[in-house]
Amino acid sequence: MKLRITDLTKSFTLEDGNTIEALGPLNLEVSDGEFVCILGPSGCGKTTLLRIIGGLERPTSGTISLNSATIEGPNPSMAMIFQEYSLFPWRSVLDNVAFGLEVRGLPKEERHRIARKYIELVGLSGFEANKPYELSGGMRQRVAVARALAIEPKVLLMDEPFGAIDAQARNKMQRELLQIWEKTRKTVLFVTHSVDEAVYLADRIVILTRRPGRIKEIVPVPHHHPRERTEPSFVEIRRYVLRQITEESEIGTPH
Amino acid sequence: MKRWTGIVVPLMIMAGWEVAAILISNPFILPRLGTIVEVLMRPADDLLGTGSLLYNAWRSVQRVGLGFLVAALIGIPCGIAMGRYRWLNQLMDTTLQALRPIPPLAWVPLALAWFRIGLTSIVFIIFIGAFFPILINTIDGVKSVKKTWMEVALTLGTSEFRLLTKVILPGAAPIVWTGLRLGFGIAWMTVVAAEMLPGTISGLGYLIMYAYNFGQVNVIIAGMVVIGLIGIAIDLIFKQGEKVWFGWRSLER
């Protein structure tokens, strides 16, 4: 199972007829079970990249393939997790998690059984009947993770999933995500603007340049999980990555 | 305590009324409260040969229900289509904005010309009254459905049809419901006015107009009270439904 991104570009045409090059050309290969963070200065197109992989946007040129099958449009082997407010507020936790199975026509009992399994995996047993507005931000993102996992995708696409959560809960969510990842061994593509988050989570960090986003550098993080944020070699990688990002955001700015 | 404050002003009005009625002492201008209550207390008795209060209220409710149903059956699907497809909305917008301010009763002559005197005309006029609030709120409701909800659904493998039934409809439902409530309110006002037109021989509007011909002001006012009470009752039902089914909308953060 290999996710392959080949010569991908994306440009937008503005209303005044001008074209903006948003992304690429970009090539990337992600192997099965790998945890890859995509990091870049704001506006570099990292979210656009994820949305193209998830089939929500079309590339201007280039291809995405999974196990050498080209992917166009939303694909059952991928599930996307958004920043926030993505849960259906009229549905209970259980029915949110079961949504993807429901639209595939699974009978109620079956989809609830599977949903319960994933609710347990993200540590929310006992909250099946609650509505999203009764949960904290962190709990809601766990529901979103369970909902994505329930369709048993090969690849998880996460778009700054913890961006709107306060710092403490965020660290906890990162630890839990790693545990879930170790249990399920999904391939994860994780977009973030936090250097710390990327160094804490990723096997490899893909640093993008400013617009149009290309790959500036791929930084492998050789540390085993769980990682210790205060460990010198962790701090070292963090400092290195931060320097790359800072460099990228400062180029071309009038200072 | 707060629940009681609402009743103070009606009580004062009634007291003032009674005093004025005694002073004026002319039932054709201001009947005594007792004579109105008398009519209200016997809602199943025939009034002036037009049938009882209950019978006429039931006829009005039936008519408004019919017109409202037609308005909802046409307004909601049209609203969904227009909320979903921008080009359709742009295509129709000017026409709607021009038709909307025309009061339902201005359609009466046309209704009579097209459908003759009778049920169809009345239902048509009620339809006009209820249609626009339902349509416009449905459009707004569909537009208010968060893009993220739809994208989540799409990435989870939702078909276009399921997207409609599982995301757009439930997401838009609270605002559509508001449209139904507003639409019913206007429809209720419209039915009473429509029943005052020539050719009708039942309904609360007909009853109070007919009572006017006989100078039965107490019957007129009793009829108005019933019109008001039914309006309140139906509005309460809608509000209760909103609380029970769409509580998530106000609670969502």
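For every chain, the first residue of the written sequence is number 1, and numbering continues from 1 along that sequence. Just so you know, chain letters begin at A and ligand numbers begin at 1, following the order they were written in. Reporting of local features is limited, given that this is a predicted model, to residues whose pLDDT is at least 70; pairs of side-chain atoms are given and counted only at 80 or more, and all residues count toward the totals for whole chains, interfaces and linings. Here the side-chain values reflect all heavy atoms present in the structure, with hydrogen atoms and water set aside.

Asker: Hey, could you run me through the overall build of chain A in this one?
Answerer: Along the backbone of chain A there are eight helices and 10 strands. We compute the radius of gyration over the C-alpha atoms and compare it with the globule rule, which gives 2.2 Å times the number of residues raised to the power 0.38. The globule rule puts the C-alpha radius of gyration for 255 residues at 18 Å, and the 19 Å found for chain A is close to it. With respect to the principal axes defined by its C-alpha atoms, chain A has extents near 55 × 45 × 35 Å. Relative to its full complement of 255 residues, chain A shows a buried share of 55%. Long-range contacts, defined as pairs at least 24 residues apart, comprise 69% of the intrachain contacts of chain A with a sequence gap of at least 6. Only the protein chains shown count as cover for residues, with accessible areas throughout obtained via the Shrake-Rupley method and a probe of 1.4 Å. Carbon and sulfur atoms form 47% of the exposed surface of chain A, whose accessible area is close to 11400 Å². Positive residues here are Lys and Arg, negative ones are Asp and Glu, while His and the chain termini are left out of the count. The atom standing in for a charge is NZ when the residue is Lys, CZ when it is Arg, CG when it is Asp and CD when it is Glu. Placing the 34 positive and 33 negative side-chain charges of chain A at their respective mean positions leaves the two points 3 Å apart. Put simply, DSSP marks the helices as runs of H or I at least four residues long and the strands as runs of E at least two long, and each gets a number from the N terminus on. Think of it in three bands: with a 1.4 Å probe and only protein chains considered, a residue is buried below 20% of the maximum accessible area for its type, exposed above 50%, and partly exposed in between. The contact criterion used is simple: two residues touch if any of their non-hydrogen atoms lie within 4.5 Å.

Asker: Teacher, can you tell me more about the interface of chain A and chain B here?
Answerer: When the parts come together, some accessible area is lost, and that loss is often what is quoted as the size of the interface. Each side of the interface is counted separately: chain A has 29 residues, and chain B has 21 residues. Simply put, the buried area is the total loss of 1.4 Å probe accessible area from both parts when two parts are fitted together. Both sides of the chain A and chain B interface together cover about 2200 Å² of buried area, and 65% of this is carbon and sulfur. Per-residue buried area on chain A facing chain B is highest for W90, V103 and Y133 of chain A; these three make up 31% of the total on that side. Salt bridges are identified by distance alone: a Lys or Arg side-chain nitrogen within 4 Å of an Asp or Glu carboxyl oxygen. Summed over the shared surface of chain A and chain B, the number is two salt bridges. Note that E151 of chain B and R51 of chain A form a salt bridge whose closest N and O atoms lie 2.6 Å from each other. Distance and chemistry together define a polar contact, namely a pair of N or O atoms within 3.5 Å, with one atom able to donate a hydrogen and the other to accept it when in protein, and with adjacent residues in sequence counting only for side-chain atoms on both sides. Inspection of the chain A/chain B interface yields five residue pairs in polar contact (both at pLDDT 80 or more). Within the residue set of the side of chain A that touches chain B, elements represented by two or more residues are strand 6 (78-81), helix 3 (99-102) and helix 5 (137-150) of chain A.

Asker: What should I look at first to understand the layout of surface pockets in this one?
Answerer: Remark: the empty space left among the atoms is shown by a probe the size of a water molecule rolled over them. Residues and elements named next belong to chain B. Put plainly, a pocket is an open set of points on a 1 Å grid over the protein atoms alone with protein on both sides within 12 Å along at least five of seven lines, a cavity is a set where a 1.4 Å probe fits but cannot get out, and a lining residue has an atom within 4 Å of a point. Grid points are joined across faces, edges and corners, and a volume is the space filled by probe spheres set on the points. Of the volumes computed, that of the largest pocket is approximately 370 Å³. Around the largest pocket sit 13 residues that line it, and P10, I13, M14, L33 and V225 are the ones nearest its centre. Broken down by element, the lining of the largest pocket gets its largest block of residues, five residues, from helix 2 (residues 8-24). Charged means Asp, Glu, Lys or Arg here, nonpolar means Ala, Val, Leu, Ile, Met, Phe, Trp, Tyr, Cys or Pro, and polar covers whatever is left, Gly included. Counted by class, the lining of the largest pocket contains 12 nonpolar, one polar and no charged residues.

Asker: Just to check I follow, could you spell out empty space enclosed by the protein for this structure?
Answerer: A full pass over the atoms with the stated rule returns four cavities of 30 Å³ or more. Within this model, the largest cavity holds a volume of roughly 90 Å³. Considering the residues around the largest cavity, the lining is formed by E84, Y85, S86, L87, P89, P132, R140 and Q141 of chain A together with E252 of chain B. Residues that form the lining of the second largest cavity fall into these classes: eight nonpolar, four polar and no charged.

Asker: Sorry, what's going on with the nonpolar core here?
Answerer: When a protein is soluble and globular, its nonpolar side chains tend to lie buried together. Grouped together as the largest cluster of nonpolar side chains are 151 residues, with contacts concentrated most on I205 and V241 of chain A together with V167 of chain B. A total of 14 residues in this core trace back to one element, the largest contributor, which is helix 9 (residues 160-194) of chain B. In terms of domain composition, this core takes at least three residues from each of domain 1 (1-42 + 50-77 + 155-162 + 184-231) and domain 2 (84-152) of chain A. Apart from residues no more than four positions distant in its own chain, V167 of chain B is found in contact with F88, W90 and F99 of chain A together with V145, W149, M150, A153 and R162 of chain B. We call a set of buried Ala, Val, Leu, Ile, Met, Phe, Trp, Tyr and Cys residues a nonpolar core when their side-chain atoms join them within 4.5 Å. Residue ranges for the domains trace back to a domain assignment, done automatically or taken from a database.

Asker: I would appreciate a short explanation of the sheet that holds strand 6 of chain A in the present structure.
Answerer: Hydrogen bonds along the backbone pair up the strands of a sheet, which may run parallel or antiparallel. All names here are of chain A. At least two bridges found by DSSP between two strands are what make those strands a pair. Across the sheet, which stays open at both edges, the six strands sit in the order 6-7-8-3-9-10 with mixed pairing between neighbours. Here the strands that pair on one side only, and so sit at the sheet edges, are strand 6 and strand 10 (215-220). For this sheet, the mean inter-axis angle between neighbouring strands, taken without regard to orientation, is 15°. Pairing analysis gives five bridges linking strand 3 (residues 35-39) to strand 8 (residues 187-192), with the strands arranged parallel. Where helices are involved, their axes are fitted lines through C-alpha atoms of the stretch in contact, as for all axes, and angles between N-to-C directions lie from 0 to 180°.

Asker: Hey, could you run me through the sheet that holds strand 5 (residues 69-70) of chain A in this one?
Answerer: Residues and elements named next belong to chain A. Judged by pairing direction, the sheet is antiparallel, and its four strands sit side by side in the order 2-1-4-5 without closing on themselves. Each of the sheet's edge strands pairs with one partner strand only, and the pair in question is strand 2 (19-31) and strand 5. Here strand 1 (residues 2-13) pairs with strand 2 via nine bridges, running antiparallel. By the bridge assignment for strand 2, S11 is matched with E21. Running over the sheet, helix 1 (residues 46-53) touches strand 1, strand 2 and strand 4 (61-66) and is turned about 120° from strand 1.

Asker: Would you take a moment to explain the domain arrangement of chain A for this structure?
Answerer: Residue and element names in this part refer to chain A. Looking at chain A, the domain boundaries give domain 1 (1-42 + 50-77 + 155-162 + 184-231) and domain 2 (84-152). Taken together, the contacts link six residues of domain 1 with eight residues of domain 2. Counting the surface lost from both domain 1 and domain 2, the interface buries some 560 Å², and carbon and sulfur atoms represent 69% of this. Considering only the surface of domain 1 that becomes buried against domain 2, P76, L156 and K186 emerge as the three largest contributors, covering 56% of it. Between the two partners, domain 1 and domain 2, sit zero salt bridges. Counting every contact that joins domain 1 to domain 2 gives one residue pair in polar contact (both at pLDDT 80 or more). For the side of domain 1 that touches domain 2, the class distribution of residues is four nonpolar, one polar and one charged.

Asker: What is the right way to look at the packing of aromatic side chains in this model?
Answerer: Think of it this way: a Phe, Tyr or Trp ring, Trp meaning its six-membered ring, pairs with another when their centres are within 6.5 Å, and the plane angle makes it stacked under 30 degrees, edge-to-face over 60, tilted otherwise. Under the counting rule described, the total for this entry stands at 23 aromatic pairs over all chains. Arranged with centres 5.5 Å apart and planes meeting at 40°, the rings of F88 of chain A and W90 of chain A form a pair that is tilted. Of the two residues, F88 of chain A and W90 of chain A, both sit in the buried class. Seen from their ring centres, W90 of chain A and W248 of chain B are 5.4 Å apart, and the 50° between their planes marks the pair as tilted. With W90 of chain A in the loop between strand 6 and helix 2 (93-97) and W248 of chain B in helix 12 (residues 247-251), this pair bridges two chains. Comparing W90 of chain A with W248 of chain B, the two get one shared label, buried. Grouped by ring-pair contacts, the aromatic residues F68, W177, F184, F238, W245 and F246 of chain B constitute a single cluster. Distance and angle both matter: a charge sits over a ring if NZ of Lys or CZ of Arg is within 6 Å of the ring centre and within 35 degrees of the ring normal. A cation sits over an aromatic face here: R229 of chain A above Y200 of chain A, 4.0 Å from the ring centre.

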